[in-house]
Amino acid sequence: MALVPGVLALLPEHASLVDPVAELRAAAVAAVRWLGPEASVVADAQGERVAAALMDAAGVRRGGSTAYLVVGNGTAKRSEKAPGHLDDRAFAFDSALRDALVAGDLSGVDWSLAEELWASVDGLRRATDLVAGPATVDYDDDPYGVQYWVMRWGS
Amino acid sequence: MTLRLGRHEFADDRTLMMAIVNRTPDSFYDKGATWAEDKAFDRVAQVVDEGAEMVDIGGIKAAPGEEIDEVEEKRRVVDFVARVRAAYPSLVISVDTWRASVGDAVCEAGADVLNDAWGGADPALVDVAAKHDVALICTHTGGAVPRTRPYRVEYDDVVRSAIDDTVAYAGRALAAGVARESLVIDPAHDFGKNTFQSLEITRRLGEMVATGWPVLVSLSNKDFVGESLDLPVGERLTGTLAATAVCALAGARIYRVHEVVETRQVVDMVNTIAGRRLPARAIRGLQ
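Residues numbered from 1 in each chain as written. Chains lettered and ligands numbered in written order. Predicted model: local features only at pLDDT ≥ 70, side-chain atom pairs only at ≥ 80, totals over all residues. Heavy atoms only, no water.

An unreviewed UniProt entry lists chain B under the name Dihydropteroate synthase, from Nocardioides deserti. Recorded in UniProt for chain B, the comment headed Sequence similarities (unreviewed entry) runs: "Belongs to the DHPS family." The UniProt entry for chain B carries the following text under Cofactor (unreviewed entry): "Mg(2+)". (UniProt positions renumbered as here; feature names shortened; annotations may be inferred.)

Take a look at the structure:
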């Protein structure tokens, strides 16, 4: 299983001359490729589109029941210029969510606070039962005030 | 079609800034500011720094004035072209001349483009372009003699005339052996045209673009801008940029300019709006 953030700048129709998310894109495409030739997607509607674009880029087909691509990310309130402006609670929430993801146990996540802090967790919530074991963290940053992770679980 | 300007090639989606470099003591806009060779060389350095892909070096002002013979025109431009060529190998060097003999000499010195602002007044210029495998700008002047002002010139349809004459000129160049990908057409605003005619050319530039030949526009600070806004030379930048935007939306490829930075921004912005160019770096709302 792999986790990527639902960043709309990853969509081909939003390409720029200079990729504002180049490092994230590289990590996300590599993680999707790591899933193997096919994967199922666990995401909300926007996340589905991001997943489709990344799978296209990685050459991964949709399908199968052994590999999962989950789309979700942390809060969008981590700086004055963040989409949701600054909310000091965002840091503790993201830190806790990160720990939960890395540990492979989402049972303690505060889903209502996630919504308040503009975290995109629909996919994560639905993947609660799929997350198992420790994660490898490929990307962990908040370049635009939104917390992104690229993580992989399993082998 | 890929545009080939002498030793340089540009993909279809590229727009190009051609910066004016006058080796004249009396051109209308700079009034001799780059008459001295070192000043002209400084101007080249400046426009290269500003991102111009091309320079257009001219030794004779377009308007009537002191007679400049071939010898004097060559003295003004040939060695200068060689100096610019040596200093800027990747810069496209155009020379604004109608004379075949001058064209031949500047091509020997390293020019990539002959900008014939007077629409084929010297019929041998096409042979020179072919001989050196350089590009040729085919302009429309309505048959005006070099260095004359329009006087009561009328057209049944100025755009039709511009298309017919420039495409015919390109055809002559092609027949003479100039490469198809090295031919550019230019309606030549204000050359053989009053303000109303230049405005109509601007308004209907898309018809010239539709010919399939790459289109160059030379709008910078010209009288049709000045007369439209009742502004003297030196206060026409905003009007020039408005005309530039209209031509950019229509699909012009090359812009002959005094102000490189401002024109580049307008052309890039318009082409981005038109969906022909990606934004430089868009993340707002897409994080």
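Moving on, we get to a nonpolar patch on the surface. Where nonpolar side chains cluster on the molecular surface, the patch consists of L17 and V18 of chain A together with L278 of chain B and spans about 260 Å² of accessible area. Exposure remark for L278 of chain B: the relative accessible area of 38% places this residue in the partly exposed category. (Patch = residues over 30% accessible without salt bridge, like charges linked within 9 Å, V, L, I, M, F, W, Y side chains within 5 Å. Areas by Shrake-Rupley, 256 points an atom, 1.4 Å probe, with all protein chains shown as cover. Salt bridge = Lys/Arg side-chain N within 4 Å of Asp/Glu carboxyl O. Buried < 20%, exposed > 50% of the residue type's maximum accessible area, 1.4 Å probe, protein only.)

Residues and elements named next belong to chain B. Inspection of the secondary structure puts T166 in helix α5 (residues 158–176). The exposure class of T166 is buried, given its relative accessible area of 0%. Among the polar contacts listed, one links the side chain of T166 to the backbone oxygen of A162, at a separation of 2.6 Å. Apart from the residues lying within four places of it in its own chain, the contact partners of T166 are C138, T139, H140, I185, D186 and M208. (Helix = DSSP H or I, 4+ residues; strand = E, 2+ residues; numbered from the N terminus. Polar contact = N/O pair within 3.5 Å; in protein donor to acceptor, adjacent residues only side chain to side chain. Contact = heavy atoms within 4.5 Å.)

A word on the interface of chain B and chain A. Facing the nine residues of chain B at the interface are 14 residues of chain A. Summing both partners gives a buried area of about 1100 Å² for chain B against chain A, and 62% of it is carried by carbon and sulfur. It is R281, L286 and Q287 of chain B that lose the most area in chain B upon contact with chain A, and together they represent 55% of the buried surface on that side. Across the contact surface, chain B and chain A share zero salt bridges. For the pair chain B and chain A, the interface holds eight residue pairs in polar contact (both at pLDDT 80 or more). Across the side of chain B that touches chain A, the residue classes break down as six nonpolar, one polar and two charged. (Buried area = accessible area lost by both parts, 1.4 Å probe. Nonpolar A, V, L, I, M, F, W, Y, C, P; charged D, E, K, R; others polar.)

Turning to the sheet that holds strand β10 (residues 254–257) of chain B, a few remarks are in order. Residues and elements named next belong to chain B. Read across the open sheet, the eight strands follow the order β8-β7-β6-β5-β4-β3-β10-β9; overall the sheet is parallel. Where the open sheet ends on each side, the last strands, each with one partner, are β8 (183–186) and β9 (216–218). Averaged over neighbouring strand pairs, the angle between their axes works out to 25 degrees when direction is ignored. In terms of strand pairing, strand β3 (residues 16–22) meets β10 through four bridges, oriented parallel. When the bridges of β10 are listed, M17 appears paired with Y255. Lying on the sheet, α5 is in contact with β6 (113–116), β7 (135–139) and β8; it crosses β7 at an angle near 150 degrees. (Pairing = 2+ DSSP bridges. Axes fitted to C-alpha atoms, helices over the stretch in contact; angles between N-to-C directions.)

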